[in-house]
Amino acid sequence: MEHCGVVGFVDQKPFGRIVFHPQTNICVSYRVERKYWLPHRMSLADENAASNYRTNTSSSQVHPEPQYVSPLSTRYASKSMRENFSDENRFRLWRQLWLVLAESQHQLGLEYITREQLAALENAPPIDFELAQSYERQLRHDVMSHVYALGDQVPIAKPIIHLGATSCYVTDNSEVIQMRNGLDILIPMLWSVISRLSSFALKYKDLETLAFTHFQPAQPTTVGKRACLWIQDFLFDVEQLEYVRKKLRLRGVKGTTGTQASFLSLFDGNHEKVKLLDDMVTKKMGFDEHWQVTGQTYTRKQDYWVVSTLAGIGQSAAKMANDIRLLQHMKEVEEPFETKQIGSSAMAYKRNPMRCERINSLARFLQSLVINPAETASTQWLERTLDDSANRRLAISEAFLSTDAILQLCLNVSNGLVVYPQVIKRNLAKELPFMATETILMSAVRAGGDRQVLHEEIRKMSMEAAAKIKEFGEENDLIERIKANPHFASIHKQLEEICHPKHFVGRAPQQVEEFLQHIHRELKERNLTLHEGDEVKV
């Protein structure tokens, strides 16, 4: 606590101190008791004193958090995603949903909901969080505490707030809206990753490199073609994400157990008006569809669908990050490394792939979250049980923030990948002579040689060259051996051209061009503003 900014005493009462935490914009007061600090809820006077401190304190000051805050909030996820899943945004959505409900009820003929009440709801003052918290301490119910607080702030509208609704009207619907808005943040980011990797792939479409299967040397590919494997995975993900975004459904206006009984009563048994109410609220909140049938909640399979789709992005990002880590080990490709960045506190020379390692770490966490909505969907009893609530508050928001953090890193890495062509060429040269033996053999046969004799000669030379590499750590001298062998004299002058790497990558450059044409069409069709990405905290 000694590192926190101290405001001083409130109203000259020496009961403790106030600490302002700039990272969260939160003020907390502390009382002295038995030689340790205990936080307590701040009074209005505390808030005013802390507000003065905030105003007079340099923004450059940094203070550590006195209590646990998720690293996703303080270190990894973007500001826009944090704001989307903030309590403040959640409660604002509740108010919007109450306004839209009352407005639609009025439009469908509930005359006791007046224009004055609707105007009061629409122009309500900012949320009084302290008032809502004081109600929640009494009521032990988050939704009703905000109903009461809003009613106190707009007394004229108090009688018609939350009319006919159950808590899930605001909680479920607001959470679907947060998920939709979260998808709207992620989709352009993912396309931006694809765009940056596409530029990288096009630049290196012709750069031959050793391919690996089982992490053993295999037939060469190109650096650009390998990047297309990453792009293709991300393309699959973004198409899935766009489909989920399109098909995401609002809970709608369904009542306590999904039967709409309370609304049917409000409209004196008029079924058409109840159905219209459901449709009107859905459209006003920006959705094309609502669930036709629900219990108290919408089916939790929708949450599983969303989170599992996000986890797919984690899979793709982890695959790419693992590949880059392996390539960095071979000194062929490196993630960005800043001028003053330190790779190791002990080994000053190190350039650790920490961004890609963080991608793998966050992806592992993201994929572990999928089990939560899966279990929640499968264990809901009858029309609803509340054991979904706490789990969903954690799993859904953390899944979105984790995905956001992963894509921030992917944007950073894809924009600054460093390629070392000479190292790639050297590594390829170590293995290519063995891979070229069949081509060399066929060329010598076409020049008049005996296939069986040539095969035996090249087999012996290959074994001898391999032994020198493995037993003595020497360079691959197979080509020199072939040049010195009289059985291959007819092609000695052609060996360099025969063994050029471009003859061993098949259609890789053409595949890159053809695939990227498809990517370009997809990007052009969407006309997206590509995401630059936030600063990555290294």
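For clarity, every value in this text was computed on a predicted model and none was experimentally measured.

Cut-offs used in this document
Residues numbered from 1 in each chain as written. Predicted model: local features only at pLDDT ≥ 70, side-chain atom pairs only at ≥ 80, totals over all residues. Heavy atoms only, no water. Helix = DSSP H or I, 4+ residues; strand = E, 2+ residues; numbered from the N terminus. Contact = heavy atoms within 4.5 Å. Areas by Shrake-Rupley, 256 points an atom, 1.4 Å probe, with all protein chains shown as cover. Salt bridge = Lys/Arg side-chain N within 4 Å of Asp/Glu carboxyl O. Buried < 20%, exposed > 50% of the residue type's maximum accessible area, 1.4 Å probe, protein only. 1 Å grid on protein atoms, 1.4 Å probe; cavity = no way out; pocket = protein on both sides within 12 Å on 5 of 7 lines; lining within 4 Å. Points joined across faces, edges and corners; volume = space filled by probe spheres on them. Nonpolar A, V, L, I, M, F, W, Y, C, P; charged D, E, K, R; others polar. Core = buried A, V, L, I, M, F, W, Y, C linked by side-chain atoms within 4.5 Å. Polar contact = N/O pair within 3.5 Å; in protein donor to acceptor, adjacent residues only side chain to side chain. Phe/Tyr/Trp six-rings, centres within 6.5 Å; stacked < 30°, edge-to-face > 60°. Pairing = 2+ DSSP bridges. Disulfide = S-S within 2.5 Å. pLDDT = per-residue confidence, 0-100.

## Notes on the overall build of the protein chain
What the protein chain contains, in helices and strands, is 21 helices and 8 strands. Contacts in the protein chain between residues far apart in sequence, at least 24 positions, make up 74% of those at least 6 positions apart. Summed over its atoms, the accessible surface of the protein chain is roughly 28000 Å², and 51% of this surface lies on carbon and sulfur atoms.

## Observations regarding the pattern of salt bridges
Note on pairing: side chains with opposite charge can pair once their charged atoms come close. The final tally for this structure, using the stated rule, is 28 salt bridges. Of the charged contacts in the structure, one is a salt bridge between Lys79 and Glu83, with a shortest N-O distance of 3.8 Å. Taken together, the residues Lys79 and Glu83, both in helix 3 (residues 79–84) and 4 residues apart, mark about one turn of the helix. Overall, the relative accessible area of 51% leaves Lys79 in the exposed class. With a shortest N-O distance of 2.7 Å, Glu242 and Arg526 are connected by a salt bridge. With Glu242 in helix 9 (residues 223–247) and Arg526 in helix 21 (residues 508–526), this pair connects stretches of sequence that are 284 residues apart.

## Observations concerning the layout of surface pockets
Size it by volume and the second largest pocket reaches roughly 520 Å³. Lys425, Ala429, Leu432, Cys499 and Pro501 are the residues nearest the centre of the second largest pocket, which is lined by 19 residues in total. Within the residue set of the lining of the second largest pocket, elements represented by two or more residues are helix 16 (421–435), helix 19 (478–484) and helix 20 (495–498). For the lining of the second largest pocket, the element with the most residues is helix 16, which contributes 6 residues. Partitioning the lining of the second largest pocket into residue classes produces 12 nonpolar, 2 polar and 5 charged.

## Concerning the environment of Ala429
In this structure, Ala429 sits in helix 16. Taking relative accessible area as the criterion, Ala429 reaches 46% and is therefore assigned partly exposed. Measuring from C-alpha to C-alpha, the distance between Ala429 and Glu475 comes to 9.5 Å, with 46 residues separating the pair along the chain.

## Points about empty space enclosed by the protein
Applying the stated criterion across every chain yields a total of 1 cavity of 30 Å³ or more. For the largest cavity, the calculated volume is near 40 Å³. Around the largest cavity sit Phe200, Val223, Arg226, Trp230, Leu327 and Val333, which together line it. Top element by residues in the lining of the largest cavity is helix 9. It accounts for 3 residues. The residue makeup of the lining of the largest cavity, split by class, is 5 nonpolar, no polar and 1 charged.

## Section: the nonpolar core
Membership of the largest hydrophobic core comes to 112 residues, with the highest contact counts inside it found for Trp98, Leu121, Tyr169, Phe234, Leu310 and Phe400. When residues in this core are grouped by element, the largest group, 17 residues, is from helix 8 (residues 167–203). Leaving out residues up to four positions away in the same chain, Tyr169 has contacts with Leu97, Trp98, Leu101, Arg251, Gly252, Val253 and Val281. In this structure, Ile440, Ala444, Ile458 and Ile482 belong to the second largest nonpolar core, which totals 20 residues.

## As for the side chain of Asn476
Following the sequence through the fold, Asn476 ends up in the loop between helix 18 (451–472) and helix 19. A distance of 2.7 Å separates a polar atom in the side chain of Asn476 from the backbone oxygen of Lys430. In terms of polar contacts, Asn476 uses its side chain to reach the backbone amide nitrogen of Leu478, at 3.0 Å. If near-sequence neighbours (up to four positions away) are discounted, Asn476 is found in contact with Lys430, Pro433, Phe434, Ala465 and Ile469.

## Here's the deal with the packing of aromatic side chains
Following the criterion strictly, the structure yields 8 aromatic pairs and no others. Pairing Phe91 with Phe129 gives two aromatic rings, centres 6.1 Å apart and planes at 50°, and the pair type is tilted. Remark: Phe129 occurs in helix 6 (residues 129–139) and Phe91 occurs in helix 4 (residues 87–107); sequence separation between them is 38 residues. Judged by relative accessible area, Phe91 falls into the buried class, the value being 13%. Aromatic side chains Phe212 and Phe215 sit 5.4 Å apart centroid to centroid with 40° between the ring planes, which places their arrangement in the tilted category.

## Digging into the pairing of strand 6 (residues 216–222)
Where strand 5 (residues 208–213) and strand 6 come together, 5 bridges link them in antiparallel fashion. Directly across from Thr213, in strand 6, lies its bridge partner Gln216. Connecting strand 5 to the antiparallel partner strand 6 that follows it, the hairpin turn spans 2 residues, and His214 within it adopts a positive phi of roughly 60°.

## Structural notes on the environment of Ile156
Tracing the chain through its elements places Ile156 in the loop between helix 7 (142–153) and helix 8. Along the primary structure Ile156 and Gln117 are separated by 39 residues, whereas in three dimensions their C-alpha atoms are 5.9 Å apart. Filtering out sequence-adjacent residues up to four positions away, Ile156 remains in contact with Glu116, Gln117 and Ala120.

## Brief notes about the state of the cysteines
Tallied over the full model, the rule gives 0 disulfides. Free of any disulfide, Cys410 has its nearest cysteine sulfur in Cys356, 8.0 Å distant.

## Examining the confidence of the model for the protein chain
Overall, the prediction assigns the protein chain a mean pLDDT of 86, with 84% of residues at 70 or greater. Residue range residues 1–58 is modelled with pLDDT below 50. Its contacts to residues more than four positions away, or to other chains, number 108 contacts.

## Observations regarding unusual backbone geometry
Of note, Arg140 is a non-glycine position whose phi angle comes to about 55°, a positive value. Positive phi outside glycine occurs at His162, with the angle close to 70°. In this structure, His162 sits in the loop between helix 7 and helix 8. The exposure class of His162 is buried, given its relative accessible area of 12%.

## Some details on the side chain of Arg180
Secondary-structure assignment places Arg180 in helix 8. For Arg180, the contacting residues outside a window of four places in its chain are Arg245, Leu248, Met285, Gly286 and Phe287.

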